[in-house]
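Residue-level structure breakdown
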Amino acid sequence: MPSSPLIFSLETSCDETAVALCDGGGRILASEISTQIPEHMPYGGVVPEIASRNHIVRLKPLIAQALQEAGVTLAEVDCFAATSGPGLASSLLIGSTVAKALALACGKPFLAVNHLEGHLLSPFIGHAAGVQPGIALIVSGGHTMLLHLRATGDYKLLGRSRDDAAGEAFDKVGKMLGLPYPGGPEIDKLARRGDRTAYDFPRSMLDSADYAFSFSGLKTSMLYLLPTLGNSIQSRMADLCASFQEAIVDVLVKKSLRAAREFGARSISVSGGVSCNHRLREAFAQRCKKAGHELFLAAPSLTTDNAAMIAFAALHRFQAGHRSALEENVNPNLPLVSA
Ligand code: KG4
Ligand code: ZN
């Protein structure tokens, strides 16, 4: 029997259409995702209008599927949540409007959820101890942020990327290498049989005193290297991917561990699409073990955009007494931490 409150969530901030349900114990009862990657692949990136049109078509059957999987009805839901930002305005509007309509029809509250808080809390889904304070790294296609997670809802931003997000760097370099979109998972796959020391790519801002990141120099470095390799790019592909990936992983791991030392944090959590990366997971596991930090990695299925993380974040907000007005608008630039 699901425990109360029963949370229903929609995530449509970008190109994934997702629906989930979680119960009062933070147990995910259903998590459905309909990916649009094939639709956007010919364009080498997400086309906003295609994304929002697909959300409209896909939501209704996906909602029915999620309710069936969870074995509950709409009438049993205690709160309808949806991502309200950051993301693409036209995509956010679809999920948010559908969640508001359901809330209105069922006479239950609506809750607007920050997509980044969803990612941030996702490593703690399924952990009996719940959300743990510590250093939190979010590495997605749109964001690279290092935070001090003091408690649920109490986050201090330590640093972010000054240019490309880590996932964006993976995708842009993937494009340069002629790999299918999105480049991140493709580079990860090829890197497994490559030598990560083959090329010495720059580790920008590794030794800077702050917690800012920069990945555009790394991308430029690949841009200049490729023409010098002539016809041998294909035969060196695995080494190129492994070395490029290592440069990103190195900076992310070292800066996160430095922050944990400085703030005396026992635990480190890592979330977002790039946290699916095998080498990133391996390097964090090795370094955290050595330094005595407890590591919380989002489950691979919860790293890229999903609605389970939105339901989980909504549950914490709901239990803390938060409710959103139906008039509350979406915000493509919604900050996680107010300046
Ligand atoms: O969190 P997410 O689904 O979307 C945003 O909120 O941005 O992250 C998507 C990003 C893409 O840039 C994708 O290439 C990257 O995560 N990604 C990966 C891997 N899987 C997804 N990057 C590196 N290695 C992976 N295995
Ligand atoms: Zn995301």
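Owing to the predicted nature of the structure, the values given are computational and were not obtained by experimental measurement.

Before going further, it helps to spend a moment on the overall build of the protein chain. When helices and strands are tallied, the protein chain shows 10 helices and 10 strands. The C-alpha radius of gyration of the protein chain comes to 20 Å, within 12% of the 20 Å expected for a compact globule of 339 residues. Considered along the principal axes of its C-alpha atoms, the protein chain spans approximately 65 × 45 × 35 Å. Looking at the protein chain residue by residue over its 339 residues, the buried ones come to 54%. For the protein chain, the exposed area adds up to about 14300 Å²; of that, 54% sits on carbon and sulfur atoms.

Bringing the coordination of the zinc ion (ligand 2) into the picture now. For the zinc ion (ligand 2), every protein donor is listed as His 115 (NE2), His 119 (NE2) and Asp 305 (OD), and the spread of their distances is 2.0 to 2.1 Å. Taken together, the four donor atoms coordinating the zinc ion (ligand 2) span angles of 95 to 136° at the metal, a pattern that classifies the geometry as irregular. Here the donor residues for the zinc ion (ligand 2) map to a single chain with the spacing H-x3-H-x185-D. Of this pair, His 115 sits in helix α4 (residues 115-121) while Asp 305 sits in the loop between β10 (294-297) and α10 (308-319), placing them 190 residues apart in sequence. For the pair formed by His 115 and Asp 305, the shared burial category is buried.

Before going further, it helps to examine the sheet that holds strand β4 (residues 79-85). Pairing within the open sheet is mixed, and its five strands lie in the order β3-β2-β1-β4-β5. Each of the sheet's edge strands pairs with one partner strand only, and the pair in question is β3 (28-35) and β5 (110-114). In this sheet, neighbouring strand axes are inclined to one another by 20° on average, regardless of whether the strands run parallel or antiparallel. Relative to β4, strand β1 (residues 7-11) is paired through four bridges, and the arrangement is parallel. In the strand pairing of β4, Ile 7 is matched with Cys 79. Contacts from helix α2 (residues 48-70) reach β1, β2 (16-22) and β3, with the element oriented near 25° to β2. The strands that α10 touches are β1, β2, β3, β4 and β5; relative to β1, the one it contacts most, it runs at about 130°.

Our focus in this paragraph is helix α8 (residues 237-262). Because an α-helix packs 3.6 residues into every turn, residues spaced three or four apart end up facing the same way. Look at α8: 38 Å from first C-alpha to last across 26 residues, which is about the 38 Å you get at 1.5 Å a residue. Burial of α8 is extensive: 21 of the 26 residues sit out of reach of the surface. Where α8 ends, the next residue or the one after it, Gly 264, has phi of about 60°, a positive value.

Our focus in this paragraph is the pairing of β3. Alignment of β2 against β3, held across seven bridges, turns out to be antiparallel. Following the sheet pairing, Glu 16 is matched in β3 by Thr 35.

Bringing the site of ligand 1 into the picture now. Surveying the vicinity of ligand 1 reveals 19 residues, the closest of which are Gly 141, Gly 142, Asp 171, Asp 188 and Asp 305. Note that a nitrogen atom of ligand 1 is positioned 2.8 Å from one of the side-chain N or O atoms of Asp 188. For ligand 1, an oxygen atom lies 2.9 Å from a polar atom in the backbone of Asp 305. Here ligand 1 loses 88% of its free accessible area of 560 Å² to cover by the protein chains. Sorting the residues of the shell around ligand 1 by element identifies α4, α5 (166-176) and α6 (183-191) as the ones contributing at least two each. When grouped by side-chain class, the residues that make up the shell around ligand 1 number five nonpolar, 11 polar and three charged. No fewer than three residues from each of domain 1 (7-122 + 304-319) and domain 2 (129-297) sit in the shell around ligand 1.

Now for the domain arrangement of the protein chain. According to the domain assignment, the protein chain consists of domain 1 (7-122 + 304-319) and domain 2 (129-297). When each unit is reduced to the centre of its C-alpha atoms, the spacing between domain 1 and domain 2 is 27 Å. Domain 1 puts 18 residues into the contact, and the matching count from domain 2 is 18 residues. Taken together, both faces of the contact between domain 1 and domain 2 bury some 1400 Å²; the carbon and sulfur share is 74%. Applying the counting rule to domain 1 against domain 2 returns zero salt bridges. The tally of links between domain 1 and domain 2 comes to three residue pairs in polar contact (both at pLDDT 80 or more). Secondary structure elements with two or more residues in the side of domain 1 that touches domain 2: α1 (37-40), α4 and α10. Within the side of domain 1 that touches domain 2, the residues separate by chemical class into eight nonpolar, seven polar and three charged.

What counts and what doesn't
Residues numbered from 1 in each chain as written. Chains lettered and ligands numbered in written order. Predicted model: local features only at pLDDT ≥ 70, side-chain atom pairs only at ≥ 80, totals over all residues. Heavy atoms only, no water. Helix = DSSP H or I, 4+ residues; strand = E, 2+ residues; numbered from the N terminus. Rg over C-alpha atoms; globule rule 2.2 N^0.38 Å. Buried < 20%, exposed > 50% of the residue type's maximum accessible area, 1.4 Å probe, protein only. Areas by Shrake-Rupley, 256 points an atom, 1.4 Å probe, with all protein chains shown as cover. Donors = N, O, S within 2.8 Å, 3.2 Å for Na, K, Ca; no water. Tetrahedral: all angles 85-135°; square planar, octahedral: opposite > 155°, others 65-115°. Pairing = 2+ DSSP bridges. Axes fitted to C-alpha atoms, helices over the stretch in contact; angles between N-to-C directions. Contact = heavy atoms within 4.5 Å. Expected span 1.5 Å × (residues − 1). Near = heavy atom within 4 Å. Polar contact = N/O pair within 3.5 Å; in protein donor to acceptor, adjacent residues only side chain to side chain. Nonpolar A, V, L, I, M, F, W, Y, C, P; charged D, E, K, R; others polar. Domains from an automatic or database assignment. Buried area = accessible area lost by both parts, 1.4 Å probe. Salt bridge = Lys/Arg side-chain N within 4 Å of Asp/Glu carboxyl O.

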